[in-house]
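Summary of structural features
Each chain is listed here by its residues.
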Number of protein chains: 2
Amino acid sequence: MSTASVPVTTGAWRRRTRPSVDDETLARLDAWWRAANYLSVGQIYLLDNPLLREPLRPEHVKPRLLGHWGTTPGLNFLYAHANRAIQDREQPMMYITGPGHGGPGLVANTYLEGTYSEVYSDITQDAEGLRRLFRQFSFPGGIPSHVAPETPGSIHEGGELGYALSHAYGAAFDNPDLLVLAVVGDGEAETGPLATSWHSTKFVNPRTDGVVLPVLHLNGYKIANPTVLARIEEDELTDLMRGYGHRPYVFTAGFDDEEPASVHARFAALLDEVLDEIAEIKQRAAQTEPEEVERPQWPMIVMRTPKGWTCPKVIDGQQVEGSWRSHQVPLSSARDTPEHMKVLEDWMRGYRPEELFDADGHLVDDVAALAPAGQLRMSDNPSTNGGLLLRDLRLPDMRDFAVDVPSPGGAVTEATRVLGQWLTEVIRRNPDNFRLFGPDEVASNRLQAVYDVTAKQWNAEMVPTDREEHLARAGRVMEVLSEHQCQGWLEGYLLTGRHGLFTSYEAFIHIVDSMVNQHAKWLKVTDELEWRRPIASLNYLLSSHVWRQDHNGFSHQDPGFIDHVVNKGADIVRVYLPPDTNTLLATYDHVLRTRQYVNVVVAGKQPGPDFLTIEEAQDHCHRGVGIWEWAGTEEEGQDPDVVLVCAGDIPTIEVLAAADLLRQHLPELRVRVVNVVDLMRLQDEKEHPHGMSNRDFDTVFTTDRPVIFAYHGYPWLIHRLTYRRTGHANLHVRGYKEEGTTTTPFDMVMLNDLDRYHLVMDVIDRVPGLGSRYAGLRQRMADARLAARRYTREHGTDIPEVAEWQWPDVGETGTASGGPTYDTGGDNA
Amino acid sequence: MSTASVPVTTGAWRRRTRPSVDDETLARLDAWWRAANYLSVGQIYLLDNPLLREPLRPEHVKPRLLGHWGTTPGLNFLYAHANRAIQDREQPMMYITGPGHGGPGLVANTYLEGTYSEVYSDITQDAEGLRRLFRQFSFPGGIPSHVAPETPGSIHEGGELGYALSHAYGAAFDNPDLLVLAVVGDGEAETGPLATSWHSTKFVNPRTDGVVLPVLHLNGYKIANPTVLARIEEDELTDLMRGYGHRPYVFTAGFDDEEPASVHARFAALLDEVLDEIAEIKQRAAQTEPEEVERPQWPMIVMRTPKGWTCPKVIDGQQVEGSWRSHQVPLSSARDTPEHMKVLEDWMRGYRPEELFDADGHLVDDVAALAPAGQLRMSDNPSTNGGLLLRDLRLPDMRDFAVDVPSPGGAVTEATRVLGQWLTEVIRRNPDNFRLFGPDEVASNRLQAVYDVTAKQWNAEMVPTDREEHLARAGRVMEVLSEHQCQGWLEGYLLTGRHGLFTSYEAFIHIVDSMVNQHAKWLKVTDELEWRRPIASLNYLLSSHVWRQDHNGFSHQDPGFIDHVVNKGADIVRVYLPPDTNTLLATYDHVLRTRQYVNVVVAGKQPGPDFLTIEEAQDHCHRGVGIWEWAGTEEEGQDPDVVLVCAGDIPTIEVLAAADLLRQHLPELRVRVVNVVDLMRLQDEKEHPHGMSNRDFDTVFTTDRPVIFAYHGYPWLIHRLTYRRTGHANLHVRGYKEEGTTTTPFDMVMLNDLDRYHLVMDVIDRVPGLGSRYAGLRQRMADARLAARRYTREHGTDIPEVAEWQWPDVGETGTASGGPTYDTGGDNA
């Protein structure tokens, strides 16, 4: 394997330039912090009078107070200090806000940096701009209260908690000069995904990747409760951080009367110490071969401050600062009494806005000077608008990797194994912007050819045999047994302008249902933001699918991820069910070129028959839905008697086997066989960009003939997608029925009534006139089914006539030379 | 609050009875371990010749080898030692197998204990029983390869990894005498849910709850990779465990030539030390008031052994024991060559079966003597078949808590707040077998009345103000910011025979999609196992729902959990959308009485109008779907012109407001108003036990009139559920459309076109003959909509005619005295 072309450090990671921070800088830090806090409070509370140039009156205050203050002052404090350090070191840095409801804080800082006004030209750097900035926040027609896609510098909304560190590490991979400052809220720290994401320390390469500096912000309270990590002994907490692979630095402030200058001096010194330590690690790594680097103890900061820091300590006799009561709106009503109005006004004036903004409402130069220049501003770091950095992948010609298919069914291959060969070349050609993520399933899903050119990146301890097992300090494959980690890393990687794919069990991809929700929502919103550039799609490859759980059974069967994603916007979602190897190649060749989508590709890894040449596969994928004339018995100029439809690899085998049976036993029947590879084609063109027109749909599926549809997943989805079609009442769908365990593939198919015999029986039942005339054939099909089941129960394998069935030689394209349709080996997982 | 009636320790938790384990016991431990290992290998490999009484021939070996060996010998080792300790101390114990694919091991131990044969009478304690035991494993028509519901003593399948500790703690709550031995695999330890579940140490009460003893089983490898926790320095690992609140004990064996007796002696001594330490903690706690106990450093064991321990070290020149190659079937083909056959035979004979089983194939008495008696066998602990212990809840009469509703719309209440009052009494009457779980949202979801009688259980540090905030060492409410933890704890609690409910955000309940899949599958399988007794249903209360995310916006909007659960079996799933307070009460009064279901209840927490008296609500819930005659303008004896249907609290308001508008503007129109509270009623009676007959459905919805359906969630679900109904082509569904952010409730409704004005326009568009005649009215509706939006954008609140709309006084039941339909306060979350 080769990692020679992985980029390495190019000049960042300086040590501190001054031994300590001077008083002027400390004053500037405090002024910035006050300004950011002031703007944050203003956003939550004010409709008008943004600079308090006149006494605050009720009509200046929003009628509904929405937003979250509690975490905001801590975020602002850290932002100010990060700016100081960036200036001092010219260190590219980005800021990930785990507690995403600190939205007003991040908006405030990006406004102070000027970025906000550059992106949103109506939010100017003056009093009127401030008024608009305040008014739009969490206001109808305005911006959300979270660190949303609308916030410059954000790649992480933090609405659903738990992914701050995963996103941070995803951003850091292959960005060797980047420092990702990742604030972890002590609320989100209780989530599972966050709890395991600390272990990312074992997967990041000190030389070829960037650095994540986690700041665990202990402000002590959630919505209504204290947080766990704020309520364990400090020794226990620092043990925990060491256990995660960190060297913890603890900083506490805000609980006493310490002067601001002293607080700032202490934190600036601590940050310098930590950044110097990181610089030293990076410099040491720069002098080491990427594959020889050893995992350091990465520093992290525990920052303990009061929740709602700097807001009123007590309101109406109840503690607010330092309590859960400051989580959202500390003063929950201001307009109701003069006393409350005074509390708000005093609070805001306490930040001394008159020192911070000039007569026009412009931030005074001395404070503005804390902002770094241009793209060194964290809100303007191009990685935070990843589409700016996105390069097209150099994709090899899939035809060079295609399977030779002399006739339909005339070859037998493992689809994902062949895809792995093509991906090997993708990796070779794109050594620094493409990664493969999987929860310990890359080899199990038969993509292991990639290890010819790369490795699994692993920065934990190594033993001598690990190299043979394709582990290395740097590599394109990221494997950890956490779907949350894989998804979060990949999201972070994509959002910062790179490409990737996630391969996993179909059933367990539900683990990230809520994450894909959030990512899809992010994509949908960014589609509408001109300044956000399109990013590469989120690509899934679900190979250990519902029909082949021979090893694992019922608990590993669930095809519902497709249903889940289809609920997200049609602009975002694409679902592909390639029936054979060449269609899988053609599908992946397409999805790796797309932007702003969630592409779900389901394709088995077991040996299966190939039906299409690569050219046919390309055409088929282009159409999305196609009539397989070679499989049917239609006559030109006549309507078919019945349409058999398949979507998914196993359903395709069963439909073809049924077509074969029909050809033998009902040769006069005009059967049409349709295969669906792009599921969204079934929808109306008005519902989905890939949707077929009614005319096209009716041409393929007819409006009045029985349609027997064998579908990979829960059958209802097909009804849903075709609901408005003229012929939908003729549609009979068979699919997965949530039925128990079995260990052979055809037995599983039978258990769910998706088998060839059932499909033939369906045809007899549904084509007018066949029922009574072919009662004998129907009975023989039922008998064949019973015989197959009996055989399986007796021998533990599928009956040979099924296991070895192959599409008969139908002339034209050559002689069928296929092997078994159902592999009887284990599934290696 | 009172915890006086919480059960306390009654005599378990003895210290060791003997200073050390004698040689005879050590030999018995080893024999049991060999027997369990032998039976495990036998299950994976053999069809026949179970005792190797004749030379092994190919036809004795299964044609397909399925199952997982790697984790099994470690599980067997631990099981044997647990049995020894149980006997010694008479300590009730249960065994949770995180690595659930160690199924053959657990089946083996339960067979050795006799429980398996008691439950499955055809699996006898003789050679023929052994043959059947081996043959059925992972065989068509047999048992799954995991620790499935079919396995006696299991409450945890471990197919999807990550929930071993959450389940263990759920089992331990309110079981003060129970020790839960929970094996955590080092693979699953990488998952998020597992990583945070260690923090359960801060939520368990040493006196009133049982004890979880985690054993982190480091066997070093997953399917294809080393594990993270096996590849960090031991200091780092023990720091991590201390950080989680544990005192770690490290045990290593199997990497050298140490004699088995020595290995057993070391582990027995360590286990005694750990159990004595636990006994001491429990005894100290027993002498302390439940609310005064302090969190101890709970012991845990790190057990480092080779993966596949005791299998062949090398096969075909490749390392197997101690490598990922032993994860599944170490010898992946046996029948293929005589050499492989010999490897298998030698491996099995190495356990010396002739010493373990007598001539009849019965386990020899001396080995069998290691099994504890009766219910002290872990496989027979009644908590593992929780239905055996389940007591009906003592439910207070909901009528005592009902809202007085003098006329429809004649009261305004917060539905969940009233439910909270009823739950308070539920908790008072059921102090030891009912708990409330939530990710920091119990108060936010307005159930805080429960704190009148109980508290949030919190065993981390406390500060003086915590008591006011309802934290205590023992209490019925479990809050942690991890949906995974809440779900896992509740599952463990239910599976061991208790009751509970989980309240959460509707959007973020997707975090546990995959967990509810697994639980639903567990319920489905246990429905078919006579010996498994029914357990209480898994009840959700989703209160911060999609329509009221004023604070949080788009990222917090997703009603798709309903869609997700509906994919699970109809036998299992129930979905309720109570439209007002009394129907919520009646719904919960029902669901807390049910068994073996997943009940999803979605009900808002904001003030909303009440429509039904408690008697009407009970009748309505009983029917599930009802015509609200008071809201419509039908005439007896005539078909309605249009049917307006609502499901969900917000849609109900909009439909009623639309009905009100139609009454004013189109008084001659015969409008029927239907409310759906039990969503599954929409399905056909053949599809779901709650389904309506076609005749009933057609009577309510008509077969030929336009049906305008305002639905809480994604509209497609309604099409899916009603797909086969005669009138489905007349159905027009409005629901959530995955559309952006806004901060006022009616603006949100408008954004998704679910508003009253749209519904009236729908009626005009769809009732034949209205379109051209009422173009003016249609235009006025569109104008009203624009005016409402303009007002909101200007003022930040909803237009008063909407916000203050109330159902008009229509006589009969009294004078309407309602307040606002849309609360304009914050949502406190």
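In this text, all values refer to a predicted model and were calculated from it rather than measured experimentally.

Residues and elements named next belong to chain A. Running from N to C, helix H1 (residues 23-45) and helix H9 (residues 260-286) point in directions that differ by 105°, and their axes come no closer than 9 Å. Looking at the two axes, H1 sits roughly perpendicular to H9. Counting all contacts with H1, which are made through Leu26, Leu29, Asp30 and Trp33, the residues of H9 involved are Pro260, Ala261, His264 and Ala265. Along the lines of polarity and charge, the residues of the contact of H1 with H9 split into 6 nonpolar, 1 polar and 1 charged.

Residues and elements named next belong to chain A. Its domain assignment divides chain A into domain 1 (25-375), domain 2 (398-607) and domain 3 (632-798). Here the C-alpha centroids of domain 1 and domain 2 sit 34 Å apart. In terms of surface lost to domain 2, no three residues of domain 1 exceed Pro149, Asp174 and Phe203, which account for 24% of the buried area on that side. Applying the counting rule to domain 1 against domain 2 returns 5 salt bridges. Close ionic contact of Arg435 with Asp174 constitutes a salt bridge, the shortest N to O distance being 2.8 Å. For the pair domain 1 and domain 2, the number of links is 24 residue pairs in polar contact (both at pLDDT 80 or more). At 5 residues, the largest contribution of residues to the side of domain 1 that touches domain 2 is made by helix H6 (residues 164-172).

The next subject is the sheet that holds strand E1 (residues 93-97) of chain A. In a beta sheet, neighbouring strands pair by backbone hydrogen bonds and run either parallel or antiparallel. Residue and element names in this part refer to chain A. Spatially, the 5 strands line up as an open sheet ordered E1-E2-E3-E5-E4, and their pairing is parallel. The open sheet is flanked by E1 and strand E4 (246-252), the only strands paired with a single partner. On average, each strand axis in the sheet is inclined to that of its neighbour by 20°, with strand direction left out of account. Sheet topology note: the E1/strand E2 (residues 179-185) ladder contains 5 bridges and is parallel. What sits directly across from Met94, in E2, is Val180. Running over the sheet, H6 touches E1, E2, strand E3 (211-218) and E4 and is turned about 175° from E2.

On to the nonpolar core, then. A:Tyr540, A:Leu679, A:Phe701, B:Tyr540 and B:Leu679 are the most contacted members of the largest nonpolar core, which totals 266 residues. In this view, A:Leu679 contacts A:Ile562, A:Val575, A:Leu577, A:Ala647, A:Tyr711, A:Leu717, A:Ile718 and A:Leu721; residues no more than four positions away in its chain are not counted. One finds A:Ala603, A:Val642, A:Ala659 and A:Ile764 within the second-largest nonpolar core, a separate group that totals 138 residues.

Turning to the packing of aromatic side chains, a few remarks are in order. All chains considered together, the criterion is met by 67 aromatic pairs over all chains. When the centroid spacing of 6.2 Å and the interplanar angle of 85° are considered together, the rings of A:Tyr120 and A:Trp531 count as edge-to-face. Residue A:Tyr120 is found in the loop between helix H4 (115-119) and helix H5 (127-136), and its partner A:Trp531 is found in the loop between helix H15 (513-527) and strand E14 (538-544); the two are separated by 411 residues along the sequence. The interplanar angle of 85° and the centroid separation of 6.1 Å between the aromatic rings of B:Phe746 and B:Tyr757 together place this pair among those described as edge-to-face.

With an RMSD of 0.0 Å, chain A superimposes on chain B once it is rotated by 180° and translated 0.0 Å along the axis. A rotation of that kind, with that shift, is consistent with a two-fold axis. When C-alpha positions in chain A are compared against the rotation axis, the closest is assigned to A:Gly192, at 2.0 Å. Comparing contact sets, 100% of the residues at the interface of chain A also lie at the interface in chain B, consistent with an isologous, same-surface contact.

As a further point, take the sheet that holds strand E19 (residues 642-647) of chain A. All names here are of chain A. With mixed pairing, the 5 strands of this open sheet are ordered in space as E18-E20-E19-E21-E22. Edge positions in the open sheet fall to strand E18 (625-627) and strand E22 (731-734), since each of these has one partner strand only. On average, each strand axis in the sheet is inclined to that of its neighbour by 20°, with strand direction left out of account. Pairing of E19 with strand E20 (residues 671-676) involves 5 bridges; the strand directions are parallel. Looking across to E20, one finds that Leu644 is bridged to Val673.

Moving on to the pattern of salt bridges. This structure, assessed with the given rule, holds 130 salt bridges over all chains. Ionic pairing is found between A:Glu54 and A:Arg57, a salt bridge with its closest N-O pair at 2.8 Å. Where B:Arg349 meets B:Glu345, a salt bridge forms, and the shortest distance between an N and an O atom there is 2.8 Å. Separated by 4 residues within a single helix, B:Arg349 and B:Glu345 lie in helix H10 (residues 338-349), roughly one turn from each other. Among the charged side chains, a network of salt bridges with common partners joins A:Arg16, A:Arg18, A:Asp22, A:Arg84, A:Asp88, A:Arg89, A:Asp272 and A:Asp276.

Cut-offs applied
Residues numbered from 1 in each chain as written. Chains lettered and ligands numbered in written order. Predicted model: local features only at pLDDT ≥ 70, side-chain atom pairs only at ≥ 80, totals over all residues. Heavy atoms only, no water. Axes fitted to C-alpha atoms, helices over the stretch in contact; angles between N-to-C directions. Helix = DSSP H or I, 4+ residues; strand = E, 2+ residues; numbered from the N terminus. Parallel < 35°, antiparallel > 145°, perpendicular 65-115°, else oblique. Contact = heavy atoms within 4.5 Å. Nonpolar A, V, L, I, M, F, W, Y, C, P; charged D, E, K, R; others polar. Domains from an automatic or database assignment. Buried area = accessible area lost by both parts, 1.4 Å probe. Salt bridge = Lys/Arg side-chain N within 4 Å of Asp/Glu carboxyl O. Polar contact = N/O pair within 3.5 Å; in protein donor to acceptor, adjacent residues only side chain to side chain. Pairing = 2+ DSSP bridges. Core = buried A, V, L, I, M, F, W, Y, C linked by side-chain atoms within 4.5 Å. Buried < 20%, exposed > 50% of the residue type's maximum accessible area, 1.4 Å probe, protein only. Phe/Tyr/Trp six-rings, centres within 6.5 Å; stacked < 30°, edge-to-face > 60°. Least-squares fit on C-alpha atoms with pLDDT ≥ 70 in both.

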